[in-house]
Structures are given as C-alpha cells and as structure tokens.
Amino acid sequence: MKTLVRVMIAGAFVLSFSAAGYAQMQANPPAAPAAPAAPAAPAMPKAKKAPMSAKSKECSEKATAQGLHGKARKEYREKCKKGET
C-alpha cells in the first residue's frame, strides 16, 4: 500500500511539472512579417577582396614550396612580406 501511494505521489509530481511546461508555450506561433510593398534601397554590394600584391603572391608560393600550412604558413608569409626571410 505504501508503494502505491508513493508511486501516485511521484506521478502527480511529474505531471505537475509537465503542465507547467505547457503553460509557458505559445498557443499560436507569430505570423511571418508581410513583404514590403516597395523594394527598399539597394543593399550595399559585398566588398571585394583586394588583389594580392606581387610580393604577397611570391611569399605564398614560397610557403607552398616549403609545404607550410596553418599558423606556420601565416607566420612565414608575414615575415616574408616584411623582408625578414
């Protein structure tokens, strides 16, 4: 008998938390905003990458020839551009 009462109390406890979870849910999801009638001002074009300088290309090719990757490659290219290598 004690076991049955404990199971019933535990069940009521669990159900009380599940009901609280449902109370916090929205009944109706918000509607999608309507499309604007007139198109907005044209968006800013994406900035294009500046072309690589000759020095930068040269340093990149040297790093490739040495098989450098990741952080080591980046550090090598920085030193190369400064003329340290």
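Each chain has its residues counted from 1, following the order in which its sequence is written. Only residues with pLDDT of at least 70 are given local features in this predicted model, and only at 80 or more are side-chain atom pairs given and counted; all residues enter the totals for whole chains, interfaces and linings. Heavy atoms from the whole structure form the basis of all side-chain values; hydrogens and water molecules are not counted.

### Details of the overall build of the chain
Only runs of H or I of at least four residues qualify as helices and only runs of E of at least two qualify as strands under DSSP, and these elements are numbered from the N terminus. Within the chain one finds 3 helices and 0 strands. Counting from the amino terminus, the chain carries its helices and strands in the arrangement α-α-α. Counting every position in the chain, which comprises 85 residues, the buried fraction comes to 9%. The protein chains shown are the only cover counted for residues, whose accessible areas, like all others here, come from Shrake-Rupley with a 1.4 Å probe. Split by element, the accessible area of the chain, about 8,100 Å² in all, is 64% carbon and sulfur. A simple rule labels every residue: compare its accessible area, found with a 1.4 Å probe on the protein chains alone, to the largest value its type can have, and call it buried under 20%, exposed over 50%, or partly exposed in between.

### Things to note about the side chain of Arg 77
Turning to its location among the elements, Arg 77 is positioned in helix H3 (residues 70–82). With no salt bridge to any partner, buried Arg 77 finds its closest opposite charge in Glu 78, at an N-O distance of 8.0 Å. In what follows, residue pairs with any heavy atoms lying within 4.5 Å of each other are defined as contacts. For Arg 77, the residues in contact, after removing those within four places along its chain, are Met 52, Ser 56, Cys 59, Ser 60 and Ala 63. Only four residue types enter the charge count, namely Lys and Arg as positive and Asp and Glu as negative; His and the chain termini do not. Throughout this description, the term salt bridge denotes a Lys or Arg side-chain nitrogen within 4 Å of a carboxyl oxygen of Asp or Glu.

### Focus on the packing of helix H2 (residues 54–65) against H3
Close contact between H2 and H3 brings their axes to 9 Å; oriented N to C, the two are set at 140°. As far as their axial angle goes, H3 and H2 are oblique. Both H2 and H3 take part in a crossing whose hand is right-handed. Here Lys 55, Ser 56, Cys 59, Ser 60, Lys 62, Ala 63 and Thr 64 of H2 lie close against H3, whose contacting residues are Arg 73, Tyr 76, Arg 77, Cys 80 and Lys 81. Grouping the amino acids of the contact of H2 with H3 by side-chain chemistry returns 4 nonpolar, 3 polar and 5 charged. With axes taken as lines fitted to C-alpha atoms, and helix axes fitted only over the stretch in contact, angles between N-to-C directions fall between 0 and 180 degrees. Every angle not falling under 35 degrees, over 145, or within 65 to 115 is termed oblique; those three ranges are roughly parallel, roughly antiparallel and roughly perpendicular. Helix crossings are classified by the rotation of the near helix relative to the far one: an anticlockwise turn of less than a right angle makes the crossing left-handed, while a clockwise turn makes it right-handed. Ten residues, namely Ala, Val, Leu, Ile, Met, Phe, Trp, Tyr, Cys and Pro, are considered nonpolar, four, namely Asp, Glu, Lys and Arg, are considered charged, and the remaining ones, Gly among them, are considered polar.

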